[in-house]
Amino acid sequence: ERAIDCFERSICIFLEQLDRFRTATMQNNLGIVYLVQGKYENAIHLFEAAEEIFRAVHDHHYLGLVYLNLGIANRHLKTFERSKLFLTNSTVYWQSIGSTAQLANTLDELGLTHIAAGEYTKAKECFDSALHELNMGKVTLELQRIHQRVDTHVAELQALCLRISD
């Protein structure tokens, strides 16, 4: 309940500040809380609201996340066709930004949806594809990119600290 309260207050603050991106981020986060609690309709409502904003700002990372979350929520509601559509959309965004780990995770979730729908051959294809993505060493490449970003942020923080101490 505390997480829900914090996210709801954050959404209100960001709405007042007309900060659409942070509003959508908090909507997605609150949707995840509802997803974990099994309140799938509430989660879907928030994910759809966030999706509209992320689409407007062309943020492929967050669109990938929102579609992944919508796919998972719809699988729990047993609306398998919608789940598969959202998860397939998510894979497109992960491919477009080269996020191998998220792509593999989404393919795994798509496989779980196919199992829930009784489509075992398609599930195996998804799991094989996820494994292929991981085995190609792309995760290592993505980790290298993350390390590069961390190094860049550390350097920026060090420069900032130097400016502050002057």
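On a predicted model such as this, the values are computed, not experimentally measured, just so you know.

**Q** Help me understand the nonpolar core in this model?
**A** Inside soluble globular proteins, nonpolar side chains tend to come together where they are buried. L35 and L70 are the most contacted members of the largest nonpolar core, which has 29 residues in total. Ranked by the residues each element gives to this core, the list is headed by helix α3 (residues 40–56), at eight residues. In this structure L70 touches I44, F47, E48 and F86, once residues within four positions along its chain are discounted. Among the nonpolar cores identified, the runner-up in size contains six residues, and L65, W94, L103 and A104 belong to it.

**Q** Which parts of the structure should I look at to understand the packing of helix α2 (residues 20–37) against helix α4 (residues 60–76)?
**A** For any two helices packed against each other, the geometry is given by the interaxial angle and the distance between the axes. Across the interface, α2 lies against α4 with an axial gap of 11 Å and an inter-helix angle of 25 degrees. Relative to α4, α2 is oriented roughly parallel. In this structure, α2 meets α4 at a crossing whose hand is left-handed. Across from F21, T25, N28, I32 and L35 in α2, the residues of α4 making contact are Y62, V66, N69, I72, A73 and H76. The class makeup of the residues in the contact of α2 with α4 is seven nonpolar, four polar and no charged.

**Q** I tried to follow unusual backbone geometry on my own but got confused; where do I start?
**A** Leave glycine aside and you will find that most residues have negative phi; peptide bonds, for their part, are mostly trans. With a phi close to 55 degrees, L18 is a non-glycine residue in the positive phi region. Tracing the chain through its elements places L18 in the loop between α1 (2–16) and α2. In this structure, H58 is a non-glycine residue whose phi angle is positive, near 55 degrees. You can see H58 is positioned in the loop between α3 and α4. Classification of H58 as exposed rests on a relative accessible area of 62%.

**Q** Explain the packing of α1 against α2 to me, please; I cannot follow it from the model alone.
**A** It is the contact of α1 with α2, at a shortest axis distance of 9 Å, that shows an interaxial angle of 160 degrees. Considering the angle they form, α1 stands roughly antiparallel to α2. Here the hand of the crossing between α1 and α2 comes out left-handed. Side by side, α1 and α2 meet where A3, I4, F7, E8, S10, I11, F14 and L15 of the first sit next to R22, T23, M26, Q27, N29, L30, V33, Y34 and Q37 of the second.

**Q** Explain α4 to me, please; I cannot follow it from the model alone.
**A** Each turn of an α-helix holds 3.6 residues, which means side chains three or four residues apart point in the same direction. Helix length check: α4 (17 residues) gives 24 Å between terminal C-alpha atoms against 24 Å at 1.5 Å per residue, within 8%. Most of α4 is tucked away, with 13 of its 17 residues classed as buried. N-cap assignment for α4: the residue whose side-chain oxygen lies 3.2 Å from the backbone N of H61 is D59. The first or second residue beyond α4 is K78, which carries a positive phi of 65 degrees.

About the thresholds
- Residue numbering note: each chain is counted from 1, following its sequence as written.
- The predicted nature of this model means local features are confined to residues of pLDDT at least 70 and side-chain atom pairs, given and counted, to a pLDDT of 80 or more, with totals for whole chains, interfaces and linings taken over all residues.
- With hydrogens and water set aside, each side-chain value is computed from the structure's full complement of heavy atoms.
- By nonpolar core we mean a set of buried residues, namely Ala, Val, Leu, Ile, Met, Phe, Trp, Tyr and Cys, connected to one another through side-chain atoms within 4.5 Å.
- Burial classes follow relative accessibility: with a 1.4 Å probe on protein chains only, a residue under 20% of its type's maximum area counts as buried, one over 50% as exposed, and anything between as partly exposed.
- Runs of H or I in DSSP of at least four residues are treated as helices and runs of E of at least two as strands, each being numbered from the N terminus.
- Whether two residues are in contact is decided by their heavy atoms: any pair within 4.5 Å suffices.
- Think of each axis as a best-fit line through the C-alpha atoms, taken over the contacting stretch in the case of a helix, with angles from 0 to 180 degrees between the N-to-C directions.
- Roughly parallel here means an angle under 35 degrees, roughly antiparallel means over 145, roughly perpendicular means 65 to 115, and every remaining angle is called oblique.
- By the definition used in this description, the sense in which the near helix is turned from the far one sets the handedness, with an anticlockwise turn below a right angle giving left-handed and a clockwise turn giving right-handed.
- When residues are grouped by polarity, Ala, Val, Leu, Ile, Met, Phe, Trp, Tyr, Cys and Pro land in nonpolar, Asp, Glu, Lys and Arg in charged, and all others, Gly among them, in polar.
- By this rule, a helix spans an expected 1.5 Å times one less than how many residues it contains.
- Counting of polar contacts relies on pairs of N or O atoms within 3.5 Å, with two restrictions inside protein: one atom must be capable of donating a hydrogen and the other of accepting it, and residues adjacent in sequence are counted only when both atoms are side-chain atoms.

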